Amino acid sequence: MSYMLPHLHNGWQVDQAILSEEDRVIVIRFGHDWDPTCMKMDEVLYSIAEKVLQCPSVKNFAMYELYDPCTVMFFFRNKHIMIDLGTGNNNKINWTMEDKQEMIDIVETVYRGARKGRGLVVSPKDYSTKYRY
Amino acid sequence: SFKAASGGTGGAAVGAPAMPLASPLMGGLNKKKKPFLGMSAPLGYVPGLGRGATGFTTRSDIGPARDANDPVDDRHAPPGKRTVGDQMKKNQEDDDEDLNDTNYDEFNGYAGSLFSSGPYEKDDEEADAIYAALDKRMDERRKERRELREKEEIEKYRMERPKIQQQFSDLKRKLAEVTEDEWLSIPEVGDARNKRQRNPRHEKLTPVPDSFFAKHLQTGEKNTSVDPLQGQFGGLATSFPGGLNTPYPGGMTPEAGELDMRKIGQARNTLMDMRLSQVSDSVSGQTVVDPKGYLTDLNSMIPTHGGDISDIKKARLLLKSVRETNPHHPPAWIASARLEEVTGKLQVARNLIMKGTEMCPKSEDVWLEAARLQPGDTAKAVVAQAVRHLPQSVRIYISAAELETDIRAKKRPYLYGLLVSFELEEPEDARIMLSRAVECCPTSVELWLALARLETYENARRVLNKARENIPTDRHIWITAAKLEEANGNTQMVEKIIDRAITSLRANGVEINREQWVQDAEECDKAGSVATCQAVIRAVIGIGIEEEDCKHTWMEDADSCVAHGALECARAIYAHALQVFPSKKSVWLRASYFEKNHGTRESLEALLQRAVAHCPKAEVLWLMGAKSKWLAGDVPAARSILALAFQANPNSEEIWLAAVKLESENNEYERARRLLAKARSSAPTARVFMKSVRLEWVLGNIDAAQELCTEALRHYEDFPKLWMMRGQIEEQSENIDKAREAYNQGVRLWALEKMPYYNLKMQNLILLESVRLEYRAGLKNISNTLMAKALQECPNSGILWAEAVFLEARPQRKTKSVDALKKCEHDPHVLLAVAKLFWSERKVTKAREWFLRTVKIEPDLGDAWAFFCKFELQHGTEEQQREVKKRCENAEPRHGELWCAESKHILNWQKNIAEILVLVASKIKNTF
């Protein structure tokens, strides 16, 4: 379903997208449209969002350590919002979120935290056990 | 609800699709095309860097996610530390001995020196020198060839990529041909932009005026009107701002009419008022909102992190209105204080809760909260206040106990609370409770005493006995027992109890502390238990004092008792002292002065009777007795006392004269005359003669007076007063020559003998008189110089200084008075002069102050009293005038220039002090 979502093709576009919004959370999925993990993720994202930006292949976006097939990150007013998911990596979600409602909850938490000026929010659900077996 | 991702602005426009296939969701909405979609990045763009983002490191095994040139997180780092690379370099420098594998090289070993931490010794230096020499040699070996090669390489490189400077070198050569003038006439570039472009203006933002909204509402669709009586505040709150933001949402009832912004504001206020009044009037039965529940809501609203400022503000506002609408509602105050406490404004919280305690003094919770919020000592004060307001609150006592740190102190609040609760009970119940309490807590003296207070006499005795068995070391029980006996009329038991107390306390190893016992005695005195007080004093007063200190210590004790107002104590102490020292005149004197000041006339006379019995030689005691009788109007009794005094001291001049005075004051002149004749024969002293002369003189028998005077002068020709009298008598009968002769003779005789002793005082007076003489003659200059000289000769003479102050012109008087005060600050004349100065400046309060000071420092100075009296007559109230007269009578002044002129005048010989005072005061002219 990735064709339903706006695409960003290079790092500059990503930066512009992040800069362009004043009071909304930017959710960016880094990855390739053909990647099965990304496909599942896109399905969820599309179903919940009027707007999610995705970035298929920005190889040179070095600072975000994009080693995983699919990475979802949150930004608010040009600030990377970290989220404590219980996995040890607070920077991003690098797996597929299968449940729609869970994703909604996470985005909502991110929004609330970011509005209060927090840089790190705590996810409503702990993903450590679920993701690793 | 999915508010988060869309930012909560409702159905706002969303960005355009990046691809031709648009999402159906976005289709129908107003599109704002994102301009960057589909565009390519600028050349050499580093993603993230453009918006100042920094990366992060989560997986250190892969290596840092940052490039060496990336900026560090600290945006204001000093130069040289601004990139990640710099920081890493610095880290490496920091740890010199980094023996990591990455630092190891197969050939060279570790990068740094392995031994850099050791001391640098001489052999190290030598080795370094050898290495350096080797390096130098190796360097020189192929130096020429190497340099040549480097040069060639550079040239080759320059050929390929010439420097800009070299590119223009051919053009620059022509610059040599440019003349000086041409060079100077090259035009300036200038700024081609116009003024507006050069000075960009800041963007201006102006709020949209209400008229704008109103116009648009008229032209377009209408919003719902706002009805304040509708009471649908929820609807109001949501519909209206939403309508303004997204201008014309559909589905609303169109309605004609204007939108009045002012009315909207009013409506909101009305709604808030309605809501709050609904909250407050829970009595009227119309409440929809339960105040308690409302406050609980407010409580739950208090944010724990102090994060959301708007929440706090809202809570603060709501609590404020609750406080104002219903100030006697304790939870409102508590909630407000807690809110401030949570937000960290502790002082504000304290102020609030203290105000709360004022508004709701009967609320235990408010007091407890106040005690909790206040620090240490203040908390104790708060609890003390709380106890006053709510003596029955158990929780307050508990919190008071918690505030105390050591165990003994902790007990006190409980005990106090217990006692208070007993007092509040019916006596019968309290008695039962207390008897149980003493069973549980037999070592508490307070409980025993409280129980004894409540019991009947018989039972109280029993209780106290029991208490004594339980606490054999406390004196209070004994003293209470003594008081009990006294109150029930067994005065003879009191003494016995106190004696037994001392012996039993001693037996139990208690040290008898005299001061404490005396204090107890004073308390007994204040409580009205005179017998107990006396018994205690008798028993204790001699304990722990050396023989020779006795008198001294007792007198001091008596004085301190008087100062504390415990008169019975003092009396008891004097009585004991008199028993021990019956023949000491000084003790009798002190005791009688005490009685005179604090006792009744009867007690004084009784005491004096005993006194003269023990010390018949003490004339003062006799005289005091006589005077006391005389003042009471009992002249015959006074006479009989004086007769007894004659028997005891047959030739005492004092007693003779006292008797004469008594008679003459009571107009018994014949008796007085006879007495004086007798005195002249038995005790022919100068004073007796003088008094005789004076009596005749004042009675108008000039001849007799002169006769007596001559006779007296035969005996005492060096007594100056006699000569003076003689002179005055002659003066009065207008024999000036004779008078002068008398004075001359007197001066001659007196000067021969006493001159050397009176030198200084004489000098002062002579100087003063010379100054006055000149002043009277109108020669102010001379009088001033004379005064200056006089002050140089006698710089410590108060009279001179006082005169000098008023010799000055008005503006200089103040400085002069300061000088005078500096030189002789304890001289009554100077103080009087200062008082007069203030008086002349109409500074009434200050003048009064200084007058009081003067009469305090020298109550014998009649002039001061006279001036004071005059002052009060002019400026004081009737009360103050009376006070001055009374004090003057008590002081009985006898000296002073003006005073003596009046008091010694023969016409005023029978006048009392108050009359003389008025007389002198009326003679004073305030011309300063």
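Bear in mind the structure is a predicted one, so any value in this text is a computation, not a measurement. (Residues numbered from 1 in each chain as written. Chains lettered and ligands numbered in written order. Predicted model: local features only at pLDDT ≥ 70, side-chain atom pairs only at ≥ 80, totals over all residues. Heavy atoms only, no water.)

1. Digging into the overall build of chain A
Counting its secondary structure elements, chain A contains 4 helices and 5 strands. Listing each helix as α and each strand as β along chain A from the N terminus yields α-β-α-β-β-β-α-β-α. Residue pairs at least 24 apart in sequence account for 72% of intrachain contacts in chain A once pairs closer than 6 positions are excluded. Carbon and sulfur atoms form 51% of the exposed surface of chain A, whose accessible area is close to 5,700 Å². (Helix = DSSP H or I, 4+ residues; strand = E, 2+ residues; numbered from the N terminus. Contact = heavy atoms within 4.5 Å. Areas by Shrake-Rupley, 256 points an atom, 1.4 Å probe, with all protein chains shown as cover.)

2. Some remarks on a nonpolar patch on the surface
Taken together, L175, V178, W183, L184 and I186 of chain B make up a surface patch of nonpolar side chains, about 520 Å² in accessible area. With respect to the helices and strands, W183 of chain B occurs in helix α7 (residues 180-184). (Patch = residues over 30% accessible without salt bridge, like charges linked within 9 Å, V, L, I, M, F, W, Y side chains within 5 Å. Salt bridge = Lys/Arg side-chain N within 4 Å of Asp/Glu carboxyl O.)

3. Some words on a negative patch on the surface
Residues and elements named next belong to chain B. On the surface, a cluster of negative charge is contributed by E121, D123, E125, E126 and D128. As for its placement among the helices and strands, E125 is situated in helix α3 (residues 122-141). By relative accessible area, E125 is classed as partly exposed at 46%. (Lys, Arg positive; Asp, Glu negative; His and termini not counted. Charge placed at Lys NZ, Arg CZ, Asp CG, Glu CD. Buried < 20%, exposed > 50% of the residue type's maximum accessible area, 1.4 Å probe, protein only.)

4. Comments concerning the packing of aromatic side chains
Two descriptors summarise a pair of aromatic rings, namely the distance from one centre to the other and the angle between the planes of the rings. Residue and element names in this part refer to chain B. As enumerated under the stated definition, the model contains 7 aromatic pairs over all chains in all. Residues F851 and F871 carry aromatic rings whose centres are separated by 5.1 Å and whose planes lie at 40 degrees to one another, so their mutual orientation is tilted. Here F851 is found in helix α44 (residues 844-857), whereas its partner F871 is found in helix α45 (residues 862-875), with 20 residues between them in sequence. F851 gets classed as buried once you look at its relative accessible area, which sits at 0%. Through a chain of ring-to-ring contacts, the aromatic side chains of W839, F851, F868 and F871 assemble into a single cluster. The ring of F806 is capped by K836, whose NZ or CZ atom sits 5.2 Å from the centre of that ring. For R853, the ring lying beneath its charged end belongs to W850, and the centroid distance is 4.2 Å. (Phe/Tyr/Trp six-rings, centres within 6.5 Å; stacked < 30°, edge-to-face > 60°. Lys NZ or Arg CZ within 6 Å of the ring centre and 35° of its normal.)

5. With respect to the state of the cysteines
Residues and elements named next belong to chain B. Scanning the model with the defined rule gives 0 disulfides over all chains in all. There is no disulfide at C869, and the cysteine sulfur nearest it, in C888, is 7.7 Å away. Taking relative accessible area as the criterion, C869 reaches 2% and is therefore assigned buried. (Disulfide = S-S within 2.5 Å.)

6. Observations regarding the nonpolar core
Residue and element names in this part refer to chain B. By size, the foremost hydrophobic cluster in this structure holds 83 residues, and its most contacted members are W517, W554 and L621. Top contributing element to this core by residue count: helix α28 (residues 567-580), with 7 residues. With residues near it in sequence (within four places) discarded, W517 still touches R475, I479, A501, L505, I512, V536 and V540. Counting 46 residues, the second largest nonpolar core, distinct from the first, contains A790, A804, L807 and C888. (Core = buried A, V, L, I, M, F, W, Y, C linked by side-chain atoms within 4.5 Å.)

7. Let's talk about the side chain of D863 of chain B
Residue and element names in this part refer to chain B. Tracing the backbone through its elements, the reader meets D863 in helix α45. This buried residue, D863, is left without a salt bridge; K836 holds the nearest opposite charge, at 7.6 Å. Reaching out from D863, the side chain makes a polar contact with the backbone nitrogen of W899 at a distance of 2.9 Å. Those residues in contact with D863 that lie beyond four places of it in its chain are L832, H895, G896, E897, L898 and W899. (Polar contact = N/O pair within 3.5 Å; in protein donor to acceptor, adjacent residues only side chain to side chain.)

8. As for the packing of helix α46 (residues 878-891) of chain B against helix α48 (residues 913-923) of chain B
In helix packing, the relevant descriptors are the interaxial angle and the interaxial distance, both defined with respect to the helix axes. Residue and element names in this part refer to chain B. For the pair α46 and α48, interaxial distance at closest approach is 9 Å and the crossing angle is 120 degrees. What the angle tells us is that α46 and α48 run oblique. As for the relative orientation of α46 and α48, their crossing is right-handed in sense. Across the interface between the two elements, K885, C888 and E889 from α46 touch I913, A914, L917 and V918 from α48. Class assignment for the residues of the contact of α46 with α48 results in 5 nonpolar, no polar and 2 charged. (Axes fitted to C-alpha atoms, helices over the stretch in contact; angles between N-to-C directions. Parallel < 35°, antiparallel > 145°, perpendicular 65-115°, else oblique. Left-handed = near helix turned anticlockwise from the far one by under 90°. Nonpolar A, V, L, I, M, F, W, Y, C, P; charged D, E, K, R; others polar.)

9. Quick word on a positive patch on the surface
A contiguous patch of positive charge on the surface is contributed by K195, R196, R198, R201 and K204 of chain B. Its location among the elements puts K195 of chain B in helix α8 (residues 195-198).

10. Things to note about the pattern of salt bridges
All names here are of chain B. For the structure shown, the criterion picks out 16 salt bridges over all chains. Across the pair E324 and K320 runs a salt bridge, and its minimum N-O distance is 3.9 Å. Here K320 and E324 lie together in helix α13 (residues 309-325), a separation of 4 residues that amounts to about one turn. For E324, a relative accessible area of 57% translates into the label exposed. Taking the shortest distance from any N to any O, the salt bridge between E841 and K843 comes out at 3.4 Å. Via salt bridges that share partners, R338, E341, E369 and R372 belong to a single interconnected network.

11. A look at the packing of helix α14 (residues 330-342) of chain B against helix α16 (residues 364-373) of chain B
All names here are of chain B. Put simply, α14 and α16 touch, their axes get as near as 9 Å, and they point 20 degrees apart. Considering the angle they form, α14 stands roughly parallel to α16. Seen from above, α14 lies across α16 with left-handed handedness. Each of P330, I334, A337, R338 and E341 in α14 lies in contact with α16, whose residues at this interface are D365, V366, E369, R372 and L373. The residue makeup of the contact of α14 with α16, split by class, is 5 nonpolar, no polar and 5 charged.

12. Quick look at the pairing of strand β3 (residues 70-76) of chain A
Residues and elements named next belong to chain A. In terms of burial, β3 is largely enclosed, as 7 of its 7 residues are buried. Of the two faces of β3, the one lined by C70, V72, F74 and F76 and the one lined by T71, M73 and F75 are each fully buried. Looking at chain direction, strand β1 (residues 25-31) and β3 are connected through 7 bridges and run antiparallel. What sits directly across from F30, in β3, is T71. Note that β3 and strand β4 (residues 80-84) share 2 bridges and pair antiparallel. In the sheet register, F74 faces β4, and the bridge partner there is I81. Between β3 and β4, which pair antiparallel and follow one another directly, the connecting turn spans 3 residues, one of which, R77, has a positive phi of 50 degrees. (Pairing = 2+ DSSP bridges.)

13. Some words on helix α26 (residues 530-540) of chain B
Of all the residues in α26 of chain B, the buried ones are A531, T532, C533, A535, V536, I537 and V540 of chain B. Its buried side turned inward, α26 of chain B meets α23 (475-487), α24 (491-507), α25 (514-527) and α28 of chain B.

14. Focus on the pairing of β1 of chain A
Across the 7 residues that make up β1 of chain A, a large majority, 7, are buried. Residue alternation in β1 of chain A divides its side chains into two sets, V25, V27, R29 and G31 of chain A and I26, I28 and F30 of chain A, and both sets are buried.

15. Focus on unusual backbone geometry
Residue and element names in this part refer to chain A. The backbone of R77 sits at a positive phi, close to 50 degrees, despite the residue not being glycine. Looking at where R77 falls in the secondary structure, it is placed in the loop between β3 and β4. Under the relative-accessibility criterion, R77 is labelled partly exposed at 44%. Residue N78 is not a glycine yet carries a positive backbone phi of 60 degrees. In this fold, N78 is placed in the loop between β3 and β4.

16. Overview of the environment of D819 of chain B
Tracing the chain through its elements places D819 of chain B in helix α42 (residues 810-823). As a C-alpha pair, D819 of chain B and V805 of chain B span 14 residues in sequence and 9.2 Å in three-dimensional space.

17. So, the confidence of the model for chain B
Residue and element names in this part refer to chain B. On average, chain B scores 73 in pLDDT, and the residues at 70 or more come to 75%. Taken element by element, the predicted model of chain B shows its lowest mean pLDDT in helix α1 (residues 24-27) (38) and its highest in α3 (91). In this model residues 1-31 is a low-confidence stretch, pLDDT under 50, and it forms 52 contacts with partners more than four residues away in sequence or in other chains. Confidence over residues 223-257 falls short of pLDDT 50; this stretch has 35 contacts with residues more than four positions distant or in other chains. Interface confidence for the predicted complex, expressed as ipTM, amounts to 0.71; the pTM equals 0.37. (pLDDT = per-residue confidence, 0-100.)

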